[in-house]
Amino acid sequence: MDTVAMHIADGIIDGPTSAVFAAVALALLAACVVKARDDLDERLVPMAGLTAAFIFAVQMLNFAVLPGVSGHLLGGAMAAALVGPWVGALCVSTVLIVQALMFADGGITALGLSIVNMALIGALVTYGILRLLLKLLPRTRSGVTVAVFVTSVVSVVAGAAGFVLQFAIGGVADFGPGLGAIATGMLGIHLLIGVGEGVITATTVLAVATARPDLVHALRGHTLPHRPAVAGGAE
Amino acid sequence: MTAGHPDALYVPGDSPVHRLPGEVKIVAVVLYVVTVVATPATEVAAFAGYAAPVAAVVIVSRLDPLPLARRALIEVPFLLLAVLLPFLSTGPRVEWLGLTLSEPGLWAAWNIVAKATLGVWAAVLLAATTDVTSLLTGLQRLRCPTVIVQIVTFMVRYVHVLLDEAHRMRIARLSRGDDPRFLWQVRATAAGFGALFLRAFERGERVYVAMLSRGYTGRMPVGAERPAARVREWAAGALLPATAVTIAVTATVA
């Protein structure tokens, strides 16, 4: 999983394609700035900043997948579930901008591409799927777990599919018929990453939902049965 | 995990590059990288030329190139991708040392190696010569939406607090006998993430209330103490992209 540690570098996708996606990303950011005010009073910016710091920290914390192989979260689905689609996408975009400007992680000209893959697809579109699943699945702890898990897997695979699409449009290399095989490999690897992301995201969201249900944006108006009290005591 | 703290990237100094305002350096780096990416890979000489202004910045800023080079290693995953391209791409083949390689694939690999390397070096130099406050003031002066600048401000200020907290939680877990080595043992890690989020968010609430009590009205007084860039400074900053554009024009005309 270490191979996905870096975001898209400069020179992978050609200039015109990068420019188009940068325009899309700018429009998305503008929409986020406007809509985030509905979810989060502008004066409550400290909370959004701490959420961005949280996503940033989570991306830096590796967890073991197998001995010797570690992965880290992308955090798009987690951000969307916890703080909502607009603030979530805004926080993920902010993390990407800081990583490009300060850590040289991801090319500056590729920022638009990354923001579309991880904020627009990874957080915003994903949130719609999450709400839909929450509506369809039973309102239980396992229902929420399954919904968040599936959403996380979809967000990672869809983000990777976004990259494959961008590469097909403006990639520097022409794989011809080989593109299909590479796309399959890319999506397959990200399916595995997505399972790891899903397990962690679902457990994290459930942990927050247990302690402070009011803080899980995706569960607003969605009452969960309380976890049965630990056995023992009176008898 | 001090490497995670953005301030750790800044190398204090008092060179002309360090003294330039953040907004000048951000614009210079972005224009430079855009010029590099827009250049066709076949203009090999142009890319050699692009390295010159970057090297000049390293010299003028009096930075030790070795730590910078170590930071630039972040692009290694993409260099690996570049190595694969000549084997996987279609198109006419060329023979080289007994290997059959795709010619367009070789160009694509060169394209990634050259552009990603120059882009990474430009960003590494920006971070090494610009402290966080100056970078944030720069973003604000460049009319980046206030809400984004403020989110970045808080993020940068608190990310090391959260990383330290995560580190302490990890030590506490390990010292109680936890030994997470497989994905299916990940529950404790995830529960830790949950706790970390709660602490982060509740800290945000506390910070917000503390700021309110000190007269916070929704706007941060970021950068008030730093003067905006003067024409002379913009001109100095323009040297980097101007050199790149001159090289690009010369290469494509010639």
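Residues numbered from 1 in each chain as written. Chains lettered and ligands numbered in written order. Predicted model: local features only at pLDDT ≥ 70, side-chain atom pairs only at ≥ 80, totals over all residues. Heavy atoms only, no water.

1. Considerations on helix α4 (residues 85–102) of chain A
Residues and elements named next belong to chain A. Rule in force here: Numbering of helices and strands runs from the N terminus, with a helix taken as a DSSP run of H or I at least four residues long and a strand as a DSSP run of E at least two residues long. Helices are assigned an expected span. That span is 1.5 Å times one less than the residue count. Each residue is assigned to one of three classes by its accessible area relative to the maximum for its type, calculated with a 1.4 Å probe on protein chains only: buried under 20%, partly exposed between the two thresholds, exposed over 50%.
The end-to-end C-alpha separation of α4 is 25 Å, in line with the 26 Å expected for 18 residues at 1.5 Å each. Burial within α4 is extensive, with 17 of its 18 residues counted as buried. Just downstream of α4 lies A104, where phi reads positive at about 55°.

2. Looking at the packing of aromatic side chains
Applicable threshold: Any Phe, Tyr or Trp ring, taking Trp's six-membered ring, that has another such ring centre within 6.5 Å forms a pair; planes under 30 degrees apart are called stacked, those over 60 apart edge-to-face, and the others tilted.
Per the stated rule, a full pass over the model turns up six aromatic pairs over all chains. For the pair F54 of chain A and F197 of chain B, a centre-to-centre distance of 5.3 Å together with 65° between the ring planes defines the contact as edge-to-face. Taken as a pair, F54 of chain A in helix α2 (residues 45–60) and F197 of chain B in helix α9 (residues 187–213) lie in two separate chains rather than in one. Judged by centre distance (5.4 Å) and plane angle (50°), the ring pair of F56 of chain A and F103 of chain A falls under tilted. You can see F56 of chain A sitting in helix α2 and its partner F103 of chain A sitting in the loop between α4 and α5 (111–136), a full 47 residues away along the chain. This pair shows no difference in class: F56 of chain A is buried, exactly as F103 of chain A is. Every member of this aromatic cluster is reached through a ring pair, and the members are Y32, F47, Y50 and W110 of chain B.

3. What about the interface of chain A and chain B?
Threshold: Residue contacts are defined here by distance: any two heavy atoms, one from each residue, within 4.5 Å place the two residues in contact. Accessible surface is computed with a 1.4 Å probe, and the buried area is the amount of it that two parts give up when combined, taken over both parts together. Salt-bridge detection follows one rule: a side-chain nitrogen of Lys or Arg within 4 Å of a carboxyl oxygen of Asp or Glu. For this analysis, a polar contact is any N or O atom pair within 3.5 Å, provided that within protein one partner can donate a hydrogen and the other can accept it, and provided that sequence-adjacent residues contribute only side-chain to side-chain pairs.
With 65 residues of chain A at the interface, the matching set in chain B holds 72 residues. Approximately 6300 Å² of surface area, both sides summed, lies buried where chain A meets chain B, with 83% of it carried by carbon and sulfur atoms. Counting the surface chain A buries against chain B, the share from its top three residues, L50, L101 and M102 of chain A, is 11%. The interface formed by chain A and chain B holds two salt bridges in total. If you look at where chain A meets chain B, you find three residue pairs in polar contact (both at pLDDT 80 or more).

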